[in-house]
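A closer look at the structure
Okay, here's what each chain looks like letter by letter:
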Amino acid sequence: MPESSADGYRDRGPGEVSASGQQPARGATAGSGTVPLLSLRHAAKAFGAVQAVADASIDLYAGEAHALLGENGAGKSTLVKILAGVHQLDSGSMFVGGAATVLHSPAAAHAAGIAVIYQEPTLFPDLSVAENIFMGRQPLRSARRIDVRQMRAQSAALFARLGVRLDPARMCRGLSIADQQLVEIAKALSLEARIIVMDEPTAALSAAEVARLFDVVAALRAADAAVLFISHRLEEVFEICQRVTVMRDGRQVLTAELADVTANELVRAMVGRQLGQRPPNDHGTAGEPVLRVERLTREGVFTDVSFDVRAGEVVAFAGLVGSGRTEVARAIFGIDRYDYGSVTVRGRPLRKGSPPAAMAAGVGFVPEDRRQQGLVMDMSIQQNMALASLRRMRRHGLISAASERMLATDWATRLRIKYGRLTDPVSQLSGGNQQKVVLGKWLGRQPGLLIVDEPTRGIDIATKAEVHRLIAELARQGVAVLMISSELPEVLYLGDRIEVMREGRLVAEFSRSDASEETIMVAATGQLQEAR
Amino acid sequence: MKADRGVTRADGPSVPPGGAASRDARPALTRWRPPITAGHLLRWETGLLIVVIAIGILGVSTSSLFLTSNNMFNLGLQSGEIAMMALPMTLIIISGEIDLSVASVMGMASALLGYLFARGWPMLAIFVVILLAGAAAGAINGLLVTRLGLPSLAVTIGTLGLYRGVADIVLGPNTISNFPANYTSIGISPVAGTDISFSAAVFIVLAVMFGVVLHFTPVGRSIFAMGASPEAATFAGIRVKRVKTLLFIVSGVVCSLAGVLMTFRLSTAVNTNGLGLELDVVAVVLLGGVSIFGGKGTIVGVVLGVLAFAGIQNALLLTNFNQEAASIPVGGLLLLSVFVPSMALLIGRVRDRITTRGRAGPPAIGTGHG
Amino acid sequence: MTTAIAPQRQPAGARAAQSSGRFAERAFRFRESGIIAVLALFVLTTSLIQPRFVSSSNIQFVLVDTSVYALVALGETLVIITRNVDLSVQSVLALSAYLSANLFGQVHGIPVPVVFLVGLGIGLAFGAANGLMVSLGRVPSLVVTLATLYIIQGIDTLVVGSNVVVASSLPSGFVDIPNVTVLGIPWLAIAVAAVIGAGAYYLRSFRSGRELYAIGSNPEGAQLVGIPVAKRVFTAFTLCGGIAGVGGVLWAAQFQTINSSAGGTNFSLIVIASAVVGGVAIFGGSGSVTGAAIGALLLGTINVALDVLGISDFWDQAIAGFLLLLAIAIDRGITVRLAAALQKRSARDEG
């Protein structure tokens, strides 16, 4: 196995890089002498007392895919919103095609040729693909009536330019996220956008869809557009981008050609500290099986899944998006039903389809979607923490406010949650702190089995590390942990045993020692690798 | 407190290594704070209280009869049934649904009462049948909404027709008025030893019950949760479908009770009893500051809403002004109930913009990362 | 850097998903023609049992009787499509009915078209008020229009007082409107059908019409793509009010004796029910005005059918309610089943 750096990414080789310089060191202008499509110089933006962007400069050239990296709170989101015309700069300047520009609205951004593809595409499900692309700008025939045939033909042409096929007459309801993104990209093309910003586009995509997206990015580059690619996944960044800009604390700290930097250097720039070698994970010997799943099947979703999780061990479920891992977890916890098979907790069969039964058996579930499933955004931090434990805080049938407050304060302290007041709405917290609230909610029940689905998705690196430490600590204390994760480094770091799912089946099991990114990926895709 | 079956451990996970706080540094129990703190929570309700007091003052100044015991009795008589039905409606709206069939369940109950009484059934048996019918009506609503996943607005417009239709079919064109005096006396005299009408008394009792359940019990908290975020509520082990169905059943029972009371009060069972009242019930709940989107509201507010609604009608009645014109101030108050909170939000935002040269904090709601 | 993916240009699942998408669209269009099929079936079965049902007098009666409902349903549909609701149409119609009919008594010899314009104007004014509050205030339309329902009802009560407009005060030219037929079909029905046809064409073929659907389908998305949401919603409410105003005048022409409870209780809810039966989704984004009109026609036909079949009139409400429940259950069944099948198939075939 090739030598990996501390994060599990392969080192790319030597390269010069300025870790905190404002301007790129060398060779960073693709096509030197040409005017960048878009340029930001010393951009700054504050919201009240918070300086979201302090000093950021970036150049986007035609035909390049440019990666934007940074932790949460580094200012990426604000930068994107500035480019989208949602916010205006406090100071600094923006140049589009060499001309100084101020974008006062999203419409102005569109007019300037900038399009943003967000993580969750916003389409009109009841309308057709073609209408979604052209809404508000439908081609007209006589008497200002919509020319449906033209609209569909133009849509088909756009998809052809992107190298994909999608039926323009089809209703958008039921489209996969990957297809929805394609519609958004087609929309951007139809607006003749030259600068296309993609915000975490691969977060919910399967490997085949990611590959298709990369082809689309290549097509966009060939059409001389500039793509700004924001992602947490360094392997993707290395694959499709040419240059990278790293932001930290609202400043641009690094801009370089990707050929000249290593993953470790990028992470260091993002985090500002050297990541040492990760300590080996020792949970000691695992105890009795807490969860036993036998031949669990849900028609069309997953088949014949059997595994167990023992006290004190972390079983990590790896696999591609769509392989059925979340569905298995939901079936175990009772959110969904299953058709055949059995689930046993501590030897006692668990009733299917009933989250309360699972909770009574000592199972906790930290779901994938924090904002929709993990938290009630309108409620306070305190109320969210108590939501799964309401029965326990009863006195004479009524909720004891003191117990509620104590539970919340206790866990907020233990998990080091940063908050203003416990009665603040949980929507005011950052992603990482919100995740901690969800964890606190379940840990407050002292579960014997904790299921976590994508525990660190969308949270910053520092909180990520805290969550990893917490999971390891839980295992050390005897909790059985079932962790679903699409981040292989996380799987390898925390998993005592790694189960791999592919297309609804459990296809491989690895112990810590025989697992590696390659072996897992081979099992997850069932195909040979292509070395790059 | 029941111990869990299954897996528990003696102590919880301690802080991960590197954490600052130790497990023993628990915060001392702070002094008792009231469960409903002052602040923005009560803003609409306090305004409404002022309005109610103002109506009272207005009423007294225009007619010396306003605060007499006789008038209090009449006030309760007139609005008692609407007030009763507003209570389960409050819980239903907070849970994120709506029930427009309430008046039709009333009518159905009235029709059943007349029909069975005319056939000589004993009163007790009739009551049982009526309450069961109301529960069944609510159960149908609940099942259609929770099991079939249909939107409650559309469903209850349908059952509005269906249950009114049942009333039509059962009673037809007939009118039954020969109910025994000891029942119809509720339309003439107040509850013994007090000034309040029977329906008002029922309302007060129910208000206390519903208030305690909504604001202080786990079920009540779960109602707020499912109204604010149905998915998160399910993931927290809340039995959303079961609770919602239960709420509809309770509504059906209370509405059929209201139908019985109305029939006795009017001393008449006819298929059109209660026709058109459903919007009044919704209006009273919304007047009380309950959000139509679910997840927010208080019973105190609804009680005040009832008082405002009834007070306006009553004041107009006493001044011999056209009583039906009461709907104008009611409509005006309804508008205020939605504009004032959003006005407060707007003012708050403007204030922040002035004092801190921009929004108070970076928008926390974005794509999930900072 | 290793990758472990076999590049695929066009996964098989995508092709399958596309064809199912077409099916979805066809299914939804079928739903709208489905309501016509239901109506046809209903009329057919009833006339088989009792051939008297399709007599010309019955047809005329039904058409005239449901014209106003179908017309107001057109306006209401415009609002529902944008994910709003207008509960105040009831009182706008009532007030307009009284004021316009009363005008004949106040201004002798006033031409009938002018009275229609007055009714239209009243409706437009109230509709615009609704539209302003909902679009600018960004407050829920159910509450706002419930409030205006109350307010306008109160105004109506004050204005009407204990007066009643009597048929004898109305000119024959006005009162005859529901009776005029062209080739056996009431002129009124033809006019209403023409208006509805125009409305349907507008919603299908013009940008601003399509934008109404977009607003109901995804309100935030509509804002993001630059649709002038406030303007469109304002227009929808204004038109809805205006149409209700015209409906009021027609109501006066039809029923002639107008007091403060013209329109009947639950008129607004009946109109909404007609739209939903006709396939308009209660949360917006889909449905057509023709469907809503057919829905009104269907609900209106029940009463006549009951008469003809000798069943007591009192079954009318129950059947109407049941039909509405059936309609939403079927709609929901189609949506859910299709969406699940599509997603399952594309998820399984991809990756």
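1. Details of the overall build of chain B
When you go through chain B residue by residue, the secondary structure sums to 13 helices and zero strands. A total of 370 residues make up chain B; the buried ones form 52% of that total.

2. Comments concerning the overall build of chain C
If you tally the helices and strands in chain C, you get 13 helices and three strands. Out of the 351 residues in chain C, the part that is buried amounts to 53%. Taking the contacts inside chain C whose residues are at least 6 apart along the sequence as the reference set, 79% of them involve residues at least 24 apart.

3. Let's talk about the pairing of strand 14 (residues 340-345) of chain A
Residue and element names in this part refer to chain A. Pairing analysis gives five bridges linking strand 11 (residues 289-298) to strand 14, with the strands arranged antiparallel. Its bridge partner lying in strand 14, Glu294 is registered against Ser342. Between strand 14 and strand 15 (residues 348-349), which pair antiparallel one after the other, the connecting turn spans two residues, and Arg346 there sits at a positive phi close to 50 degrees.

4. A word on the interface of chain C and chain B
Chain C puts 39 residues into the contact, and the matching count from chain B is 41 residues. For the side of chain C that touches chain B, the secondary-structure elements that each account for two or more residues are helix 5 (141-160), helix 11 (267-277) and helix 13 (316-349) of chain C. Sort the elements by how many residues they give to the side of chain C that touches chain B and helix 5 of chain C lands first, with 13 residues. Residues that form the side of chain C that touches chain B fall into these classes: 27 nonpolar, ten polar and two charged.

5. Some thoughts on helix 1 (residues 76-83) of chain A
Residue and element names in this part refer to chain A. Taken across its eight residues, helix 1 has eight buried, putting it largely inside the fold. For helix 1, the complete set of buried residues consists of Lys76, Ser77, Thr78, Leu79, Val80, Lys81, Ile82 and Leu83. A positive backbone phi angle near 85 degrees is found at Gly85, which sits one or two residues after helix 1.

6. Structural notes on helix 3 (residues 102-118) of chain B
All names here are of chain B. When the terminal C-alpha atoms of helix 3 are compared, their 24 Å separation across 17 residues agrees well with the 24 Å that a helix rising 1.5 Å per residue should span. Where burial is concerned, most of helix 3 is hidden: 15 out of the 17 residues are buried. Where helix 3 terminates, the next one or two residues include Gly120, which has phi positive at roughly 85 degrees.

7. Digging into the pairing of strand 6 (residues 114-117) of chain A
All names here are of chain A. Residues Ile114 and Val116 line one face of strand 6 and the alternating positions Ala115 and Ile117 line the opposite face, and both faces are buried. Pairing analysis gives four bridges linking strand 6 to strand 7 (residues 195-199), with the strands arranged parallel. Bridged to Ile117 within strand 7 is Met198.

8. So, the environment of C:Val118
Residues and elements named next belong to chain C. When you line up the elements, Val118 lands in helix 4 (residues 112-137). Classification of Val118 by C-beta neighbours within 10 Å gives partly exposed; the count is 19. Separated by 216 residues in the primary sequence, Val118 and Ile334 have C-alpha atoms spaced 44 Å apart. Discounting chain neighbours no more than four positions away, the residues touching Val118 are Leu99, Ser100 and Leu103.

9. A look at the sheet that holds strand 14 of chain A
All names here are of chain A. Taken in spatial order, the four strands make up an open sheet running 12-11-14-15, and their pairing is antiparallel. With one partner strand each, in any of the chains shown, strand 12 (302-310) and strand 15 form the two edges of the open sheet. Across the sheet, helix 9 (residues 325-333) lies against strand 11, strand 12 and strand 14, angled at about 115 degrees from strand 11, the strand it touches most.

10. Brief notes about unusual backbone geometry
All names here are of chain A. Residues other than glycine seldom take positive phi values, yet Arg144 does so here, at roughly 60 degrees. Assignment of secondary structure puts Arg144 in the loop between helix 3 (129-134) and helix 4 (148-162). Since 10 C-beta atoms lie within 10 Å of it, Arg144 is described here as exposed. Its identity is not glycine, yet Asp304 carries a phi of approximately 55 degrees, on the positive side.

11. Focus on the environment of A:Gly347
Within the fold, A:Gly347 resides in the loop between strand 14 and strand 15. The spacing of A:Gly347 and A:Val290 is 57 residues in sequence and 7.6 Å in space, taken between C-alpha atoms.

12. Remarks on the sheet that holds strand 13 (residues 314-319) of chain A
Picture the strands of a sheet paired through backbone hydrogen bonds; they go either parallel or antiparallel. All names here are of chain A. Spatially, 16-19-20-13-21-22 is the arrangement adopted by the six strands of the open sheet, whose pairing is mixed. At either end of the open sheet lies a strand with only one pairing partner, and these are strand 16 (363-366) and strand 22 (505-511). Recorded for the sheet is a direction-independent mean angle of 20 degrees between the axes of neighbouring strands. Pairing geometry for strand 13 and strand 20 (residues 480-484), over four bridges, is parallel. Paired with Ala316 across the two strands is Met483, which belongs to strand 20. Packed on one face of the sheet, helix 9 meets strand 13, strand 16, strand 19 (449-453), strand 20 and strand 21 (497-502) and runs near 145 degrees to strand 19.

13. A closer look at the environment of B:Gly331
Position of B:Gly331 among the secondary structure elements: in helix 13 (residues 327-356). In the structure, B:Gly331 is positioned 48 residues away from B:Ala283 in sequence and 8.4 Å away in space, judged by C-alpha atoms. If near-sequence neighbours (up to four positions away) are discounted, B:Gly331 is found in contact with C:Ala147, C:Thr148, C:Tyr150, C:Ile151 and C:Gly154.

14. What to know about the packing of helix 4 (residues 123-146) of chain B against helix 10 (residues 240-266) of chain B
Put simply, helix 4 of chain B and helix 10 of chain B touch, their axes get as near as 7 Å, and they point 145 degrees apart. Pair helix 4 of chain B / helix 10 of chain B crosses with right-handed handedness.

15. Some words on the confidence of the model for chain C
One rule of thumb: low pLDDT means the predicted coordinates there are not for detailed reading. Residues and elements named next belong to chain C. Here chain C averages 85 in pLDDT, and 87% of its residues register 70 or above. Residue range residues 1-18 is modelled with pLDDT below 50. Its contacts to residues more than four positions away, or to other chains, number 46 contacts. Taken together, the chains of this predicted complex give a pTM of 0.84 and an interface ipTM of 0.86.

16. Topic: the confidence of the model for chain B
All names here are of chain B. On average, residues of chain B carry a pLDDT of 84, and 83% of them reach 70 or more. Low confidence marks residues 1-31, where pLDDT is under 50. Its contacts with residues over four positions away, or in another chain, come to 49 contacts. Note that pLDDT drops below 50 for residues 356-370; the model gives that stretch 40 contacts with residues more than four away or on any other chain.

Rules of the game
- Residues numbered from 1 in each chain as written.
- Chains lettered and ligands numbered in written order.
- Predicted model: local features only at pLDDT ≥ 70, side-chain atom pairs only at ≥ 80, totals over all residues.
- Helix = DSSP H or I, 4+ residues; strand = E, 2+ residues; numbered from the N terminus.
- Buried ≥ 20, exposed ≤ 12 C-beta atoms within 10 Å, placed from the backbone.
- Contact = placed C-beta atoms within 7 Å.
- Pairing = 2+ DSSP bridges.
- Nonpolar A, V, L, I, M, F, W, Y, C, P; charged D, E, K, R; others polar.
- Expected span 1.5 Å × (residues − 1).
- Axes fitted to C-alpha atoms, helices over the stretch in contact; angles between N-to-C directions.
- Left-handed = near helix turned anticlockwise from the far one by under 90°.
- pLDDT = per-residue confidence, 0-100.

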